[in-house]
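# What the coordinates show
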Amino acid sequence: MRLRNRLRLLGVAGIALFTVSASLPPATASGAGQERHPSGGGLSAVIRYTEYGIPHIVAKDYAQLGFGTGWAQAADQVCTLADGFLTVRGERSKFFGPDAAPDFSLSSAATNLSSDLYFRGVRESGTVERLLKVPAPAGPSRDVKETMRGFAAGYNAWLAQNRITDPACRGASWVRPVTALDVAARGFAISVLGGQGRGIDGITAAQPPTVAPPAAGVTPKEAAAAAERLLSTQNADMGSNAVAFHGSTTANGRGLLLGNPHYPWQGGRRFWMSQQTIPGELNVSGSSLLGTTTISIGHNADVAWSHTVATGVPLNLHQLTLDPADPTAYLVDGKRERMTKRTVSVPVKGAAPVTRTQWWTRYGPVVTAFGAALPWTSTTAYALNDPNAKNLRGSDTALGFSKARGTAEIERSLHRRQGLPWVNTIAADRAGNSFFSQSQVLPRITDELAERCSTPLGRATYPASGLAVLDGSRTDCALGSDRDAVQPGVFGPGRAPTLKNRPYVENSNDSAWLTNADRPLTGYERVFGTVATPRSMRTRGAIEDVASMADKGRLWVSDLQRQQFANRAPAGDLAASDVAKWCAALPGGTAVGTDGTPVDVSKACRVLRRWDRSVDSDSRGALLFDRFWRKASAVPAAELWKTPFDPADPVRTPRGLNTAAPGVGRALADAVAELRAADIALDARLGKHQFVVRNGKRLPVGGGTESLGIWNKTEPVWNAAEGGYTEVSSGSSYIQAVGWDDGRCPVARTLLTYSQSENPKSPHFSDQTRLYAGERWVTSRFCEKDIARSPDLRVVAVHERR
């Protein structure tokens, strides 16, 4: 019986491969003389689905690859995709009303109206069309533009040939066909997410003082604190961990990579898994951000890579000196320049269209708020410079990674394309190389320029957060250019912090300084990040873990899998024993809460003492410590720790919990009172009260919040009335553990924590979420023989109907 089943599966796979080969011209099928021109007829592709609904897309050129990708993404995520396309067309208010909030996946706009005013302005000004016409490498390549064209056609073909079952948009009039421009506009939105996308409310609200009275200003100190909060990578909805191990630390001399990006679990910033193949040209597996055409994070036969959100600040402000007679004109070297007026009209559901004016300068749009109020007065205004508003190169950079044969070619793609707006890159390869680079598109703000040209506001914000505020009235304060930069006004790749072939390279969203604790990176400009400053709890825990792994040596993929789900809580290692000891000595076992109420915490002392310092689903005491630590970590570090941060010992400091700090006792009393009020036992298993509900079934989820320092980051949503943490807003998303043996197939284990589809009627709505809850993995099916052996193999030939 087993032999018969195997022969049947091989027969099905053979039919699939024959179908693929038959659809390709002979030169392409043999791997020689790849045809680069799009098909003269309708587009088509072959999609082979394996377990968990993972599509393996095979096509004969880039347009057809985009077609298969657009089709397959629509099949899984049509509602989420349609919602995003509505955003970049500036039509949210038309269908959902002006006051509702978007899902924040494509910008930080607070309302649909604000989002629409910005994106409709982008569309009407022809911004994306101009970027598409820029010749490569400064602009997108023909191959990438063909994938965009194909993606739109594939999405539209799926809409035309299938019935939507997802209740989120079934029968909705806003689900409509898209164009290649819509796909490119979505890529633009992702590119400016850290720049203009952060400032949309301030851009669309900016009006000269004759139209609206100026808002109250802030002091430089207040502005510095606001910028630091706004630009911090800690406690954001996007983060990540990644580590690459050099062959000197592994069992067989090959490289190893563990990627653990932390992204939202709902909405348009979800990842989606696939394999993309053009025989003889491209063969890559991994995940893409929804609506994008290339693999964002993944591996091929020879190299694997991941990204972490970087600390580089991808924007700056220019303080404008205005013409005293006209607040819509500004002075540069004493010469008057008029702002450009951009009038945008947005259709609104059930009401008349709303028309607003935006004001643009040589530096970018005028902005009246960016984390803090930036008043437009009769003498002063602020313009936001976002170099990524001229960057549509992200997909080409990713395509270069997908075709790379080692970390040297990963670096070459970074240098040639320079398209990553807000992430670091960590990679490992079959030859045993490890690689880290913070090659991102940043405004060319040198420390010297900031010192020479910062306004009083900038002298406060730049040291605190890396946000430069430059004097816009002087041409000698222009950003300048690096010879190796493909775009004026940005750093060339030669200035990016980079570290190669160390035993490990690791990043957990702090700056590049401690990529390897034995070889700190220094010498980069403040806009890239800090040097010799306190690291986050997650960075400290990660470095402890990966350095220990590298020292142990003889590592294999299974070691990466164990690290992902070790669920060690570094904050617990540092503080739990001290809290338990202090608690046990309290007179009467009582602590006083924030509201002044005495709380019996005696049982909490015993629970914390016995807690295993992990956040596994069955850990007892983890929930109590979590609720305590969220409150205690709000205590200023100078009060919280006895031993302060020491740059000579950055992983082990600060340490020694100061239990005499009043906030510590209040935090414990408040946590105990909170759990008792919710009828949750202090020693309850974590998974009983940290879970997600999928199709009516509770799935316990391990991991923990940012401040606990856990590698397997989980940002759950607290709902005491429903039993604790009842959903996850962001955290571990597309996870991959990749290595190599002596064969041609990579050894890869992957996991998409929230599964492929948001449609509750899809069989792939929660299947990988169940794996995640059980700390299990998907065995990657990269090579043809592995795809052929899939017990769930399903072959679909998709095409346009013309």
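Look above for the structure.
Residues numbered from 1 in each chain as written. Predicted model: local features only at pLDDT ≥ 70, side-chain atom pairs only at ≥ 80, totals over all residues. Heavy atoms only, no water.

Each helix and strand counted, the protein has 24 helices and 32 strands in total. Computed over the C-alpha atoms, the radius of gyration of the protein is 27 Å, within 12% of the 28 Å expected from 2.2 N^0.38 for a compact globule of 802 residues. Projected onto its principal axes, the C-alpha coordinates of the protein cover approximately 80 × 80 × 55 Å. Looking at the protein as a whole, 62% of its 802 residues are labelled buried. (Helix = DSSP H or I, 4+ residues; strand = E, 2+ residues; numbered from the N terminus. Rg over C-alpha atoms; globule rule 2.2 N^0.38 Å. Buried < 20%, exposed > 50% of the residue type's maximum accessible area, 1.4 Å probe, protein only.)

As a volume, the second largest pocket reaches approximately 710 Å³. Lining of the second largest pocket is provided by 29 residues; of these, R362, Y363, G364, N385 and K390 occupy positions nearest its centre. Elements with a contribution of two residues or more to the lining of the second largest pocket: α6 (127-133), β13 (351-361), β14 (364-365) and β15 (380-385). Among the elements that make up the lining of the second largest pocket, the one with the highest residue count is α6 (3 residues). Among the residues making up the lining of the second largest pocket, the classes are represented as 14 nonpolar, 10 polar and 5 charged. (1 Å grid on protein atoms, 1.4 Å probe; cavity = no way out; pocket = protein on both sides within 12 Å on 5 of 7 lines; lining within 4 Å. Points joined across faces, edges and corners; volume = space filled by probe spheres on them. Nonpolar A, V, L, I, M, F, W, Y, C, P; charged D, E, K, R; others polar.)

On to empty space enclosed by the protein. A complete count under the given rule lists 8 cavities of 30 Å³ or more for this structure. Taken together, 26 residues make up the lining of the largest cavity; nearest its centre are I190, L289, T292, G394 and S395. Those elements that provide at least two residues to the lining of the largest cavity are α8 (180-191) and α11 (394-403). Considering every element that reaches the lining of the largest cavity, the biggest residue donor is α8, with 4 residues. Here the residues of the lining of the largest cavity sort into 13 nonpolar, 12 polar and 1 charged. The computed volume of the second largest cavity comes to approximately 110 Å³. For the second largest cavity, the lining is made up of 14 residues, of which Q418, S439, Q440, F491 and P493 are closest to its centre. Partitioned by chemical class, the residues of the lining of the second largest cavity number 8 nonpolar, 5 polar and 1 charged.

The antiparallel open sheet is built from 3 strands, whose spatial order is β12-β13-β14. Strand pairing shows two members of the sheet lacking a second neighbour, β12 (340-348) and β14, which therefore form its edges. (Pairing = 2+ DSSP bridges.)

We now examine the state of the cysteines. Enumeration over the complete set of coordinates arrives at 4 disulfides. Disulfide pairing places C79 opposite C169 at an S-S distance of 2.0 Å. Taking the torsion about the sulfur-sulfur bond, which here is approximately -80°, the covalent link between C79 and C169 counts as left-handed. Highlighted residues: C79 in helix α3 (residues 62-88) and C169 in the loop between α7 (142-161) and α8, separated in sequence by 90 residues. Across a sulfur-sulfur distance of 2.1 Å, C453 and C477 are joined as a disulfide pair. Residues C453 and C477 are joined by a disulfide whose S-S torsion is about -85°; by sign, that bridge is left-handed. In this pair, C453 sits in helix α13 (residues 447-453) while C477 sits in the loop between β18 (469-471) and β19 (498-500), placing the two residues 24 residues apart along the sequence. The exposure classification of C453 matches that of C477, with both residues buried. Disulfide partners in the protein, listed by the sequence order of the bonded cysteines, are 1-2, 3-4, 5-6, 7-8. (Disulfide = S-S within 2.5 Å.)

Turning next to a positive patch on the surface. Together, K603, R606, R609, R610 and R676 make up a positively charged patch on the protein surface. Counting residues per element, the positive patch draws most heavily on helix α18 (residues 602-610), which supplies 4 residues. Here R610 lies in helix α18. (Patch = residues over 30% accessible without salt bridge, like charges linked within 9 Å, V, L, I, M, F, W, Y side chains within 5 Å. Areas by Shrake-Rupley, 256 points an atom, 1.4 Å probe, with all protein chains shown as cover. Salt bridge = Lys/Arg side-chain N within 4 Å of Asp/Glu carboxyl O. Lys, Arg positive; Asp, Glu negative; His and termini not counted. Charge placed at Lys NZ, Arg CZ, Asp CG, Glu CD.)

Read from one edge to the other, the open sheet built from 10 strands follows the order β19-β17-β16-β8-β7-β6-β5-β2-β1-β32, with strand pairing classed as mixed. Since the sheet does not close on itself, it has two edges, and those belong to β19 and β32 (794-799), each with one partner. For this sheet, the mean inter-axis angle between neighbouring strands, taken without regard to orientation, is 20°. Where strand β8 (residues 303-309) lies against strand β16 (residues 423-429), 7 bridges are found, and the strand directions are antiparallel. In the strand pairing of β16, V309 is matched with V423. Those strands touched by α11 are β6 (282-289), β8 and β16, and its axis lies near 135° from that of β6. (Axes fitted to C-alpha atoms, helices over the stretch in contact; angles between N-to-C directions. Contact = heavy atoms within 4.5 Å.)

For the rest of this paragraph, the subject is unusual backbone geometry. Of note, the bond from A136 into P137 is cis; its omega dihedral lies within 30 degrees of zero at 10°. Mapped onto the elements, P137 comes out in the loop between α6 and α7. Omega for the bond connecting T653 with P654 falls within 30 degrees of zero, at 0°, which places this linkage in the cis form. Structurally, the position occupied by P654 is in the loop between β23 (641-643) and β24 (655-657). At N695, a position not held by glycine, the phi torsion is positive, near 50°.

For the rest of this paragraph, the subject is the pattern of salt bridges. This model, assessed by the stated rule, comprises 43 salt bridges. Between R362 and E337 there is a salt bridge, and its shortest N-O distance comes to 2.3 Å. Of this pair, R362 sits in the loop between β13 and β14 while E337 sits in strand β11 (residues 335-338); the two residues are 25 residues apart in sequence, bridging distant segments of the chain. On the basis of relative accessible area, E337 is assigned to the partly exposed category, the value being 21%. Between R630 and D626 there is a salt bridge; the shortest N-O distance is 3.2 Å.

Shape descriptors only; they carry no functional weight alone.
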